[in-house]
Number of protein chains: 2
Amino acid sequence: MNGMHFICDPLEIERKSFEIIDSHIPAGKFGSKELWVLKRVIHATADFDYVETLRISHDAIDAGINAFKKGVTIVTDTKMVAAGINKKALNKWGCNVKCYIDDPDVVSYAKNNCITRSMAAMIKAVEEPDNRVFAIGNAPTALYQLVELVKNRKARPELIIGVPVGFVGATESKELLKALDIPYITIEGRKGGSTIAAAIVNALLYMA
Amino acid sequence: MNGMHFICDPLEIERKSFEIIDSHIPAGKFGSKELWVLKRVIHATADFDYVETLRISHDAIDAGINAFKKGVTIVTDTKMVAAGINKKALNKWGCNVKCYIDDPDVVSYAKNNCITRSMAAMIKAVEEPDNRVFAIGNAPTALYQLVELVKNRKARPELIIGVPVGFVGATESKELLKALDIPYITIEGRKGGSTIAAAIVNALLYMA
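Residues numbered from 1 in each chain as written. Chains lettered and ligands numbered in written order. Predicted model: local features only at pLDDT ≥ 70, side-chain atom pairs only at ≥ 80, totals over all residues. Heavy atoms only, no water.

Looking at an unreviewed UniProt entry, one finds chain A named Precorrin-8X methylmutase and attributed to Caldanaerobius fijiensis DSM 17918. The heading Sequence similarities (unreviewed entry) in the UniProt record of chain A holds the text "Belongs to the CobH/CbiC family." Looking at the Pathway (unreviewed entry) heading of the UniProt record, one finds this comment for chain A: "Cofactor biosynthesis; adenosylcobalamin biosynthesis." (UniProt positions renumbered as here; feature names shortened; annotations may be inferred.)

What follows is the structure, given as structure tokens:
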């Protein structure tokens, strides 16, 4: 290999990547905004399974864009999701990202109540009125807890991006999310992850 | 749903998850250390494709464990990979994580030389002798550049975890990694990602 015989212009890499992604997505299956989110998810994962499993409620994309334009705070379940969100795009709209997983209140509340820190983090997060968008990429228990809080009228987010990954509770927690009357973006089944949650947030931020 | 009718003990979730993962992996295909890495990757992704595509050089796991026991610095290509590494496990061995992507030298070097910031970050990273393990989860150009630096005897890492994701250069950069005489852990094909790179680092840290 000669060091310069590969594409190293980021814009050209991205253009070429989306050309390849486009060629694999069946035409007409998605609206243009939904397609953009799907393409960002596939770009982040190189996994075309998401063509079949990405679920976007009819009002979710507009809800996300409108929220971001107001400069809301996005709550993430992991620091990985927070790290993956494009800070330039975030700052453009005056938005913030918060992850409560290491908050001392959360750590002690989880221990005292025998729940996961991911759950305690959601309980703490909904107390703050600026926390209007939730992006859960890792912990099914975080999504379960958030669903409970919505059902108990302790929370009313403008958008929930609920894409936890895993073998215990991930599939089920995402089904419960879809049954709420809150705009959502999710993935059917076990797959998901922090990179996907961040990719969806970024897709909406770029669209705003 | 009743809030308490799901498993919310993290240890029980993990135990149950690995029981399900175990039941899907063909017996005898992997050594016990390799199997542990594979299981952590599947745990992080819920994707069994990695049974077929994870590649671990014969010396990679011991090389990683030995390096971590010396308290080395791990270089990541993205802040997401850095965020996903377990800090408690890292601190236990006196290891550090560094990501140079936002370093002002890196930003200006990339601009002046028309290369990606991911590439410039690798050029900067190899100057520091403590940087002994590299974990690349996102950018094929970072892996390309690191391979070049090894070939040009500018770098000699103890382990390269090279699992960039994508449609342009990811597959090829990972093939070039396998052709080096450096211990490696990689994924064949387009798939990979920051969550996988972090999961592999954590698997080795837990084994150390």
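Structure's up, so let's keep going.
Draft legend 1. Inspection of helix H1 (residues 10-24) of chain A at higher detail. Across its 15 residues, H1(A) extends 22 Å between first and last C-alpha, which sits within 8% of the 21 Å expected from 1.5 Å per residue. Every buried residue of H1(A) is accounted for by Ile13(A), Ser17(A), Phe18(A), Ile20(A) and Ile21(A). End-on view of H1(A): buried residues confined to an arc of 160 degrees, all on one side of the axis. In H1(A), those exposed residues whose orientation departs by more than 90 degrees from the buried face are Leu11(A) and Ser23(A). Its buried side turned inward, H1(A) meets helix H2 (32-45) of chain A together with helix H9 (140-151) of chain B. (Helix = DSSP H or I, 4+ residues; strand = E, 2+ residues; numbered from the N terminus. Expected span 1.5 Å × (residues − 1). Buried < 20%, exposed > 50% of the residue type's maximum accessible area, 1.4 Å probe, protein only. Arc of directions from axis to C-beta. Contact = heavy atoms within 4.5 Å.)

Draft legend 2. Seen up close, the environment of Lys79(B). The topology assignment puts Lys79(B) in helix H5 (residues 79-84). Note: C-alpha distance between Lys79(B) and Lys98(B) (19 residues apart in sequence) is 8.6 Å.

Draft legend 3. Up close: the nonpolar core. Grouped together as the largest cluster of nonpolar side chains are 90 residues, with contacts concentrated most on Phe68(A), Ile161(A), Ile185(A), Phe68(B), Ile161(B) and Ile185(B). Residues contacting Phe68(A), with those up to four places away along its chain left out, are Ile74(A), Trp93(A), Cys95(A), Val133(A), Val201(A), Leu204(A) and Leu205(A). (Core = buried A, V, L, I, M, F, W, Y, C linked by side-chain atoms within 4.5 Å.)

Draft legend 4. Spatial organisation of the relation of the copies chain A and chain B. For the pair chain A and chain B, the relating rotation is 180 degrees, the translation along its axis is 0.0 Å, and the fit reaches an RMSD of 0.0 Å. What the superposition gives is, in effect, a two-fold axis relating one chain to the other. Rotation axis and chain A: the residue whose C-alpha lies nearest the axis is Met80(A), separated from it by 2.5 Å. A symmetric contact is evident, with 100% of the interface residues of chain A recurring at the interface of chain B. (Least-squares fit on C-alpha atoms with pLDDT ≥ 70 in both.)

Draft legend 5. Summary view of empty space enclosed by the protein. Counted according to the given criterion, the structure contains 1 cavity of 30 Å³ or more. Roughly 140 Å³ of internal volume is contained in the largest cavity. Lining of the largest cavity is provided by 18 residues; of these, Thr45(A), Tyr50(A), Gly192(A), Thr45(B) and Tyr50(B) occupy positions nearest its centre. Breaking the lining of the largest cavity down by element, the ones donating at least two residues are H2 and helix H11 (194-207) of chain A together with helix H2 (32-45) and helix H11 (194-207) of chain B. (1 Å grid on protein atoms, 1.4 Å probe; cavity = no way out; pocket = protein on both sides within 12 Å on 5 of 7 lines; lining within 4 Å. Points joined across faces, edges and corners; volume = space filled by probe spheres on them.)

Draft legend 6. Local environment of the interface of chain A and chain B. Taken together, the 44 residues of chain A in the interface contact 44 residues of chain B. Summing both partners gives a buried area of about 3500 Å² for chain A against chain B, and 76% of it is carried by carbon and sulfur. For the interface between chain A and chain B, the tally reads 2 salt bridges. Residue Lys191(A) pairs with Asp47(B) through a salt bridge whose shortest N-O separation is 3.6 Å. Remark: the boundary between chain A and chain B carries 0 residue pairs in polar contact (both at pLDDT 80 or more). At the level of elements, H1, H2, helix H5 (79-84), helix H9 (140-151) and H11 of chain A are the ones that each hand at least two residues to the side of chain A that touches chain B. For the side of chain A that touches chain B, the leading source of residues is H1(A), giving 7 residues. (Buried area = accessible area lost by both parts, 1.4 Å probe. Salt bridge = Lys/Arg side-chain N within 4 Å of Asp/Glu carboxyl O. Polar contact = N/O pair within 3.5 Å; in protein donor to acceptor, adjacent residues only side chain to side chain.)

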